[in-house]
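Report on the structure
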Amino acid sequence: MRKLVVLFALVIVAMLVLTACASPTPQVVPQTVVVQQTVAVPVQQTVVVQQTVVAQQTVVVPQVITATPVPPTKAPTPVPTATIPPPVVTTGDGCATGSTKVSWFIGLGTGSQPDQVTFEKNWVDKYNKSQKDVCLTLNVVFNTGQNSYDALRAMIAGGSSPDIVGPVGKAGRASFQGGWADVAPLAQAAGYDLTKYDPALLDFMKDEGVLVGIPFALFPSTIMYNKKLFDEAKLPYPPHKVGEQYQGKDWTIDTMSQLAMKLTVDAKGNDATNAAFDAKNIKQFGFVQQWPSDYRSMATLFGGALPYDAKDQTKAVMPDNWKAYGKWLYDAIWKYHFYPTADYANSDLLAKGNEFSSGNIAMAYAHSWYTCCFDMAKMNWDIAVVPSYNGKITAKMHGDTFAILKGSKNQAAAFKALSAMVNDADLNAFYGGLPGTVAARPAFFATMNTKVGTNKIDWSVMEAMLAYPDVPNHEAWMPNFAKATDVGTTFLTNMRQNPNLNMDAELQKLLIDLNTVFAAAPK
Amino acid sequence: MPNATTVSTPMLRTKPKISALRRREVIWGYAFLSPWVVGFFLFSLLPIAMTIFLTFTDYKGTTEFAPGNFNLVGLDNYARLLTDQYALPSMGVTLKFALIGIPLGLIIPLLFALLVNSKHLFGANFFRTFFFLPTVIPVVAGTIIFGGVLNTQTGWINLALKALGLDDPPRWFSDPFWAVPALNLLGIWAVGNAMLILLASLQGVPTELYEAATVDGANPLSKFWNITIPMISPVIFYNLTLGLIGSFQYFVPAMLIGGRNGDPQGSLLFFPLHFYRQAFVFSDMGYASVLALVIFVVTLSATGVMFFFAQRMVYYAGGD
């Protein structure tokens, strides 16, 4: 018997040794895919911006596709690779006697940075002292991109799910598909007036047709730019108005790329347009997309699109604009060098992934929530209009809210706290979210102005970009959500790490991989 | 002839009576053992049993673990193991790491221990502390530090290599070829613990053996090979076992450096990371449990083989 066991073990070990010779690169089962669209449009384009937008005193509504039934799990909002602070839990000291305990979980989006936690704790204390019905407690798990999601899963699986989760956007909620309470009946029971919100905004807050939150914070994207680097290069700042030109040229992706090359500088002071430019010793980059979550979130710079055939959701589609984006990005990284490689992005030069905050990035395409994560008072910065592609501006949108988990045992009390949160101007300003109602925005901007030191930020750009959301939204549903996102993220990382890719072949491979994943989606 | 009135009765075996004192001692013994037994049952045995149960279900981690939230699927998850395109490659990555890291994890601490044990070394205490210090740094912090040290652009290693004239140093964590060796480098940085254990065993080798060998004309290399190695072979075997088990469980640095996709290009997709992805990225707890069982079986088998060969290769001075 002993010999048999040893023999069995030897056979397993022998198999493993043979396996050690296998390639580490995962093999994808090739499938025949009918390519629906032709090869990408080149970067060079002549575009005249036809539309003008005038800021009105109306609610500017992002037009997005309402989420249809969603499979579980998705990559969360990306965060830097700093050391991980421990979770923060408060117990509700100072609450009124007999008040209902409601726990608030933070970690699926913004809010878990250590300096944010101090503010949140103070806000919770203030709220608890202001009323006697609800005792709000905090549970903050630092969001590294996954561990906070794991923590919440463990809490749900263990039967001790928190009551309120937020701020959280579509992507975060998709990771817990079907786990959110419908707040419409809760609002009705509490006499909360939902009619003050634009119906389209309320639609934006629906997942699978269920209203899971109240519009709280909108995070449009803009081009954040470092004025000091522009001044050093003696270049004018990028446009602040839609339709405005830059140095006599329309403000397009091409114009922005040329500008970014001039703002990409090596150790000897040569910019990327100079023949003597040394790409191995770059000290400053012209452009970056700050904290991309996956390929979709980046490719929407060239316009929103669906990665699947709307008529047959098992079929992947590679839209022309996303193909064009992939080639543009790859050239930006490896040919024109104005976009940092993964190595540069993770280096000390670019603050280990928090690139714009390093002060060595001239322009960053970022959501407004990114104001959380750099020193707004110390840096000399402002915001500009997103450049257009093929005549169209796309400023991708995030819309965060607070949601109540279905497993919450105190949904009515949770809604009471939630309704206070979504209407609190301080919380709005703190998370850097544009209020869902226009009337609340001046106060929001006034609060933001107190945080930016001597900078004079043109917040009108942020409001203007609300008119150009990505449609469909880059966080909208797609089949086999977690795995499809995973495929996109792998593709993106490969682009930033591998200088020897054939982008046509890689885009084709991405299409095949997505097709495999969509075809395997649970029904 | 037996007496008709007598009946031969079989000799009854009775349990020897234990005294009350002995019984009390036994009860107290079990009582002191019970915390460990209860803990083992609750935190080891029961979770293992639940994991085995989960392998037969399609439980997803997004709902409460309660009846009604999952279905029994028989051997579907095991069948999936045979068609999983990432299972073999990820095991290959783990084995590649082990094949490089385990020998290094034995040779380098042994060399350090020999150095520190040398009577010719000035300031041995300083070196002992110096080599041990990286061990006290938490794994996460150490990995993040090393990520910076091995950064292609600004890392110290590449800056030093460039200063020495190497224009195109390795792209460490961005190159699939160098990614695993780079993690092995990280492992070497933290060999202080193994060094201390080997040092203690070196100091336990009887000096009269060396004296006798010297009298017989043995050179240092011969003494090292024929005396030192056999005498410290139990400790080498101990480190080898720990190294093997640690390699099959290797996860945190791979996750921190390569992300959950095992970048670059899957070269850091260790088997435990593959398990983690299934469990916590895709919430497929059923299949992830199968992968966990695979790790368990593979580690157990490899350890079993090692213990089999240990009988021939390890010298225990005190006997078996």
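Residues numbered from 1 in each chain as written. Chains lettered and ligands numbered in written order. Predicted model: local features only at pLDDT ≥ 70, side-chain atom pairs only at ≥ 80, totals over all residues.

1. Section: the overall build of chain A
Our working definition: For helices the rule is a DSSP run of H or I covering at least 4 residues; for strands it is a run of E covering at least 2, with both sets numbered from the N terminus onward. As a rule, residues whose C-beta atom has 12 or fewer other C-beta atoms within 10 Å are exposed, those with 20 or more are buried, and those in between are partly exposed; C-beta atoms are placed from the backbone. Once C-beta atoms have been placed from the backbone, residue pairs whose C-beta atoms lie within 7 Å are recorded as contacts.
Counting its secondary structure elements, chain A contains 17 helices and 16 strands. In chain A, which comprises 523 residues, the proportion classed as buried is 51%. Contacts spanning at least 24 positions in sequence make up 79% of the contacts within chain A whose residues lie at least 6 apart.

2. As for the sheet that holds strand S10 (residues 282–289) of chain A
Residues and elements named next belong to chain A. The following threshold applies: Strand pairing is assigned whenever DSSP identifies at least 2 bridges connecting the two strands. Simply put, an axis is a line fit to the C-alpha atoms, just over the touching stretch for a helix, and the angle between two N-to-C directions goes from 0 to 180 degrees.
In spatial order, the strands read S9-S10-S11-S8-S12; together these five strands make up an open sheet with mixed pairing. With partners counted over all chains shown, the strands left at the sheet margins are strand S9 (265–266) and strand S12 (381–384), one partner each. Relative to strand S11 (residues 361–367), S10 runs parallel, the two sharing four bridges. Following the sheet pairing, glutamine 289 is matched in S11 by tyrosine 365. On the sheet, helix H8 (residues 253–262) packs against S10 and S11 and is oriented at approximately 160° with respect to S10.

3. Things to note about the sheet that holds strand S16 (residues 434–435) of chain A
All names here are of chain A. Strand order in the open sheet formed by seven strands is S1-S3-S2-S4-S15-S7-S16, and the pairing between neighbours is mixed. Lying at the two open borders of the sheet, with one neighbouring strand each, are strand S1 (88–89) and S16. With respect to the sheet, helix H2 (residues 114–130) is in contact with S1, strand S2 (100–106) and strand S3 (134–140), its orientation differing from that of S3 by roughly 170°.

4. Notes on the nonpolar core
As a reminder of what qualifies: For this entry, the nonpolar core is defined as buried Ala, Val, Leu, Ile, Met, Phe, Trp, Tyr and Cys residues connected by C-beta atoms within 7 Å.
Counting residues in each nonpolar core, the largest one holds 181 residues, and the members touching the most others are Ile164 and Ile404 of chain A. Per element, the largest residue contribution to this core is eight residues, and it comes from helix H10 (residues 320–334) of chain A. In this view, isoleucine 404 of chain A contacts Asp163, Ile164, Trp180, Ala181, Val183, Gln411, Ala414, Phe415 and Leu418 of chain A; residues no more than four positions away in its chain are not counted. Of all hydrophobic cores here, the second largest spans 15 residues; its members include Phe112, Val191, Leu198 and Leu199 of chain B.

5. Notes on the domain arrangement of chain B
Residues and elements named next belong to chain B. Quick reminder of the rule: These domain limits were set by an automatic method or by a database of domain assignments. Only Asp, Glu, Lys and Arg are considered charged in this grouping, and only Ala, Val, Leu, Ile, Met, Phe, Trp, Tyr, Cys and Pro are considered nonpolar; every other residue, Gly among them, is considered polar.
Domain parsing of chain B yields domain 1 (20–77) and domain 2 (85–313). Taken over C-alpha atoms, the centre of domain 1 sits 32 Å from the centre of domain 2. Counting residues at the interface gives 12 residues for domain 1 and 11 residues for domain 2. Partitioned by chemical class, the residues of the side of domain 1 that touches domain 2 number four nonpolar, six polar and two charged.

6. Describing unusual backbone geometry
With an omega of 0°, the peptide bond running from glycine 166 of chain A to proline 167 of chain A counts as cis. As for its placement among the helices and strands, proline 167 of chain A is situated in strand S4 (residues 164–168). Residue aspartate 263 of chain B is joined to proline 264 of chain B through a cis peptide bond whose omega torsion reads 5°. Inspection of the secondary structure assignment puts proline 264 of chain B in the loop between helix H11 (252–258) and helix H12 (271–281). At tryptophan 291 of chain A, a residue that is not glycine, the phi angle is positive and equals roughly 55°. Turning to its location among the elements, tryptophan 291 of chain A is positioned in the loop between S10 and helix H9 (295–299). Since 21 C-beta atoms lie within 10 Å of it, tryptophan 291 of chain A is described here as buried. One non-glycine residue, asparagine 390 of chain A, adopts positive backbone phi at about 55°. In this fold, asparagine 390 of chain A is placed in the loop between strand S13 (388–389) and strand S14 (392–393). By C-beta crowding, asparagine 390 of chain A is classed as partly exposed, having 14 other C-beta atoms within 10 Å.

7. So, the domain arrangement of chain A
Residue and element names in this part refer to chain A. By domain assignment, chain A separates into domain 1 (88–219 + 398–465) and domain 2 (221–396 + 477–519). Domain 1 and domain 2 are separated by 29 Å when their C-alpha centres are compared. Residue-level contacts link 21 residues of domain 1 with 22 residues of domain 2. For the side of domain 1 that touches domain 2, the elements supplying multiple residues, two or more each, are helix H4 (170–174) and helix H15 (460–465). Considering every element that reaches the side of domain 1 that touches domain 2, the biggest residue donor is H15, with four residues. A class-by-class count of the residues in the side of domain 1 that touches domain 2 yields 11 nonpolar, eight polar and two charged.

8. Structural notes on the pairing of S2 of chain A
Residue and element names in this part refer to chain A. This is how the line gets drawn: Viewed with both strands pointing away, a crossover whose connecting path from the first strand over the helix to the second turns clockwise is right-handed.
Within S2, five of the seven residues are buried, which leaves it mostly tucked inside the rest of the structure. With seven bridges connecting them, S2 and S3 associate as parallel partners. Residue pairing across strands places lysine 101 opposite cysteine 135, the latter belonging to S3. Handedness of the crossover joining S2 and S3 through H2 is recorded here as right-handed.

9. As for the environment of aspartate 182 of chain A
All names here are of chain A. Note that aspartate 182 resides in the loop between H4 and helix H5 (183–190). Considering only alpha carbons, one finds aspartate 182 and glycine 92, 90 residues apart in sequence, at a separation of 26 Å. Sequence-distant contacts of aspartate 182, defined by excluding residues within four places in its chain, comprise Val210 and Leu211.

10. Some remarks on the packing of helix H3 (residues 87–117) of chain B against helix H8 (residues 192–203) of chain B
All names here are of chain B. The condition is simple: An angle below 35 degrees is treated as roughly parallel, one above 145 as roughly antiparallel, one from 65 to 115 as roughly perpendicular, and anything else as oblique. Crossing handedness follows the turn of the near helix against the far one: under a right angle anticlockwise gives a left-handed crossing, and clockwise gives a right-handed one.
Viewed as axis vectors pointing N to C, H3 and H8 meet at an angle of 55°, and their least axial separation amounts to 8 Å. It follows from the interaxial angle that H3 and H8 lie oblique. H8 is crossed by H3, and the crossing has right-handed handedness. From H3, Gly105, Pro109, Leu110, Phe112, Ala113, Leu114, Val116 and Asn117 reach across to H8, where they touch Ala194, Met195, Leu198, Leu199, Leu202 and Gln203. For the contact of H3 with H8, a count of residues per class yields 11 nonpolar, three polar and no charged.

11. A look at the packing of H3 of chain B against helix H4 (residues 124–132) of chain B
Residues and elements named next belong to chain B. Where H3 meets H4, the closest approach of the two axes is 9 Å, and the angle between their N-to-C directions is 160°. As the angle between them shows, H3 and H4 are arranged roughly antiparallel. Along this stretch, H3 crosses H4, giving a crossing that reads as left-handed. Note on element contacts: H4 touches H3 through Ala124, Phe127, Arg128 and Phe131, opposite Phe112, Leu115 and Val116. Counted by class, the contact of H3 with H4 contains six nonpolar, no polar and one charged residues.

12. Quick look at the confidence of the model for chain A
Fine structural detail should not be taken from predicted coordinates in areas where pLDDT scores are low. For clarity, the threshold we go by: Per-residue confidence from the prediction method is given by pLDDT, with values spanning 0 to 100.
Mean pLDDT over chain A works out to 83, with 84% of the residues at or above the 70 mark. Of the regions scoring below 50 in pLDDT, residues 22–82 of chain A engages in 172 contacts with residues more than four places distant in sequence or in other chains.

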